[in-house]
Amino acid sequence: MDLNGVSAIVTGGASGIGAATARLLASKGAKVVVADLQEDRGTALATEIGGAFCRVDVTKTDEIVNAIEMAKSMGPLRVLVNSAGIGWAQRTIGKDGSYDSAANLDAFKKVIAINLVGTFDCIRLAATAMSTTEPLEYGERGAIVNIASVAAFDGQIGQASYSASKGGVVGMTLPIARDLSASGIRVNTVAPGLIDTPIYGQGEGSEAFKANLEKGVLFPHRLGEGTELASMVVECITNSYMNAETIRVDGGIRMPPK
Ligand code: NDP
């Protein structure tokens with residue numbers, strides 16, 4: 001699919017993998033709506049790449065619709081990348097045998113609400129808009145890429161909520177691709193390993209944490225870069241024969257229990 005002149009929405013587009021993807025999409029001619037909570041960074045990036053910023057919390061349906069309407073005003077909406085997400089870790093039970101020390105259920109629900117339900121809400125609404133665009137060759141109308149995680153497959157201690165959210169994204173990739181095939185919309189998911197982004201925080205503690213993480217990467221022995229993920233995301237969009245698949249981009253890492 002040619003990206004020249006199409007509009008694209010990247011949720012979580014102000015930071016990390018989403019920002020790298022927004023830049024690469026724009027470099028290929030797409031008009032990108034950076035849909036994120038981070039207004040300052042999102043506006044700066046949108047200015048840099050000739051796109052637009054839309055303040056979107058992916059748990060708010062009306063804000064998703066605003067981003068879609070903005071994208072439609074910039075060109076036919078043919079691309080959605082779901083990169084908004086949060087991490088969270090807590091063991092399922094506490095140490096003292098009290099019910100109160102069991103995992104925080106509100107935290108579990110919040111991770112699912114953002115990473116899984118938010119992703120589905122963006123898909124169902126953006127795909128609705130895509131389905132009304134003029135078909136391209138072979139009836140193609142658009143492409144969607146979700147960002148899951150290797151935690152969908154190798155969830156570590158404390159990752160029940162995060163792995164459930166990302167496993168849900170992996171699990172819904174095929175049925176949604178089937179649902180949208182009649183409209184010529186492809187759906188793929190990319191599952192990153194350990195990528196050097198602001199999700200790990202900043203400062204000395206975070207650098208030490210990341211240095212420890214990269215020891216487990218098979219090859220190359222380092223964290224991945226946002227651009228390396230963006231490259232796979234954009235391949236999934238531009239390669240019209242790519243559909244209904246989840247691809248790990250992880251330097252060969254298989255996460256241990258902790
Ligand atoms: P970043 O934290 O750099 O970027 C995520 C962006 O999404 C942030 O700007 C964040 O804002 C935003 N965001 C969070 N919640 C919402 C929301 N409710 N609505 C809209 N935007 C929101 O993270 P990454 O680029 O590293 O992560 C991108 C995706 O990749 C995530 O889904 C993550 O789970 C996944 N991933 C990342 C890995 C990594 O190693 N970096 C590994 C595997 C998967 P704010 O900063 O305010 O929260």
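This report concerns the structure included in the present document. (Residues numbered from 1 in each chain as written. Predicted model: local features only at pLDDT ≥ 70, side-chain atom pairs only at ≥ 80, totals over all residues. Heavy atoms only, no water.)

Attention shifts here to the pattern of salt bridges. Evaluation of the coordinates by the stated rule reveals 12 salt bridges. We note a salt bridge from K60 to D57, for which the minimum N-O separation is 3.6 Å. Residue K60 is classed as partly exposed on the basis of its relative accessible area of 38%. For the salt bridge of R248 with D154, the shortest nitrogen-to-oxygen distance reads 2.9 Å. With R248 in strand β7 (residues 246-249) and D154 in the loop between β5 (142-147) and α5 (160-181), the pair connects residues that are 94 residues apart, well separated along the chain. Owing to a relative accessible area of 15%, D154 belongs among the buried residues under this scheme. Through salt bridges with shared partners, a single network forms among D154, R248, D250 and R254. (Salt bridge = Lys/Arg side-chain N within 4 Å of Asp/Glu carboxyl O. Buried < 20%, exposed > 50% of the residue type's maximum accessible area, 1.4 Å probe, protein only. Helix = DSSP H or I, 4+ residues; strand = E, 2+ residues; numbered from the N terminus.)

To continue, consider the pairing of strand β3 (residues 52-55). When strand β2 (residues 31-36) meets β3, the two strands line up parallel, connected through 4 bridges. Residue pairing in the sheet places V33 in a bridge with A52 of β3. The handedness of the β2 to β3 crossover, carried by helix α2 (residues 39-49), is right-handed. (Pairing = 2+ DSSP bridges. Right-handed = clockwise from strand over helix to strand, strands pointing away.)

What follows concerns the site of the ligand. The full set close to the ligand counts 28 residues, and S15, Y162, I195, T197 and Y200 are the nearest of them. Within the backbone of S83, an N or O atom sits 3.2 Å from an oxygen atom of the ligand. When the free accessible area of the ligand is taken as 880 Å², the share hidden by the protein chains comes to 91%. Judged by the fraction of its atoms near the pocket grid, the ligand is located in the largest pocket. Looking at the shell around the ligand, the elements that each hand over two or more residues are α1 (16-27) and α5. Each residue belonging to the shell around the ligand can be placed in one class, and the counts come to 16 nonpolar, 9 polar and 3 charged. (Near = heavy atom within 4 Å. Polar contact = N/O pair within 3.5 Å; in protein donor to acceptor, adjacent residues only side chain to side chain. Areas by Shrake-Rupley, 256 points an atom, 1.4 Å probe, with all protein chains shown as cover. 1 Å grid on protein atoms, 1.4 Å probe; cavity = no way out; pocket = protein on both sides within 12 Å on 5 of 7 lines; lining within 4 Å. Sits in = over half its atoms within 2 Å of the grid points. Nonpolar A, V, L, I, M, F, W, Y, C, P; charged D, E, K, R; others polar.)

The next thing to look at is the packing of aromatic side chains. Under the defined criterion, the tally for this structure stands at 1 aromatic pair. Between the aromatic rings of Y200 and F209, the centroid separation amounts to 6.0 Å while the plane-to-plane angle is 55°, which identifies the pairing as tilted. By relative accessible area, which is 22% here, Y200 ends up partly exposed. A residue is classified by how much of its surface remains accessible, and F209, at 43% relative accessible area, is partly exposed. (Phe/Tyr/Trp six-rings, centres within 6.5 Å; stacked < 30°, edge-to-face > 60°.)

An ideal rise of 1.5 Å per residue puts 18 Å on 13 residues; helix α7 (residues 226-238) measures up with 18 Å between its terminal C-alpha atoms. Those residues of α7 not exposed but buried are G226, L229, A230, V233, V234, C236 and I237. For α7, the angular spread of the buried residues around the axis is 155°, confining them to a single face. Where α7 is buried, its residues meet α1, β4 (77-82), β5, β6 (185-192) and β7. (Expected span 1.5 Å × (residues − 1). Arc of directions from axis to C-beta. Contact = heavy atoms within 4.5 Å.)

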